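# A structural walkthrough
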Amino acid sequence: MNSIDLIILNFNEIRRRSIKVWTSIPDDKLHWKPDGEAMNCLEMVRHVLESEHYYHLAIKNRGSLSVFNSPFENRPFTSVNAELEYAEPYRKAFIDTIKSFSEEDLENIKIDRSDSGYIRDLGDMLLRVGYHESIHTGQLLDYLRTAGVPRVRIWD
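First, a word on scope: everything that follows refers to the structure included in this document. Not measured: the values here are computed from a predicted model. (Residues numbered from 1 in each chain as written. Predicted model: local features only at pLDDT ≥ 70, side-chain atom pairs only at ≥ 80, totals over all residues. Heavy atoms only, no water.)

The next point concerns the pairing of strand β2 (residues 118-121). Relative to β2, strand β1 (residues 110-113) runs antiparallel, the two being bridged by four bridges. When the sheet's bridge partners are listed, I111 is paired in β2 with R120. Here β1 hands over to β2 after four residues, with G117 in that stretch at a positive phi of 95°. (Pairing = 2+ DSSP bridges. Helix = DSSP H or I, 4+ residues; strand = E, 2+ residues; numbered from the N terminus.)

Structure follows, in structure tokens:
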């Protein structure tokens, strides 16, 4: 297994576990949030999916976007499944882009996000994208604990 295969495996495992958490959120808790300034559960799911799309475009652009017209913006928040279905073509395009890279690209392509304080190799950037989703999955597990909701087992 090469590095590209491992990165894709990591993305698929992260998403599989995220989906376990996301789909375990009871309907009556989808709009729950721990305080007035936090995202609610469903907003956080969308944030992860929308951010992945942004990161995909930034990777293709080799840096931050000067303008990001999000296809997720202004969509009504209805359900986790609706969010996943809508995001599926964007996810497929992202994975296809990763598959198009070579081992050498992981080190040689630079992603310039100086506006966010960093320039990273493509491989590093891809791992950061997965880490972003993982962090928010952990946040949602904490949300569920705080809201008194039993948590699904993600360590299978």
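Summed over all chains, the structure comprises seven aromatic pairs. Ring centres of F72 and Y86 lie 5.2 Å apart, and the angle between their planes is 80°; on these two criteria the pair is classed as edge-to-face. Placement of the pair is F72 in the loop between α2 (41-61) and α3 (80-100) and Y86 in helix α3, with a sequence separation of 14 residues. Using a relative accessible area of 1% as the deciding quantity, one classes F72 as buried. With a centroid separation of 5.8 Å and an interplanar angle of 50°, the aromatic rings of Y86 and Y90 are classed as tilted. Of this pair, Y86 and Y90 both sit in helix α3, four residues apart, roughly one helical turn. In textbook terms, an aromatic cluster arises when at least three aromatic residues are bridged by ring pairs, as seen for Y54, Y55 and F68. (Phe/Tyr/Trp six-rings, centres within 6.5 Å; stacked < 30°, edge-to-face > 60°. Buried < 20%, exposed > 50% of the residue type's maximum accessible area, 1.4 Å probe, protein only.)

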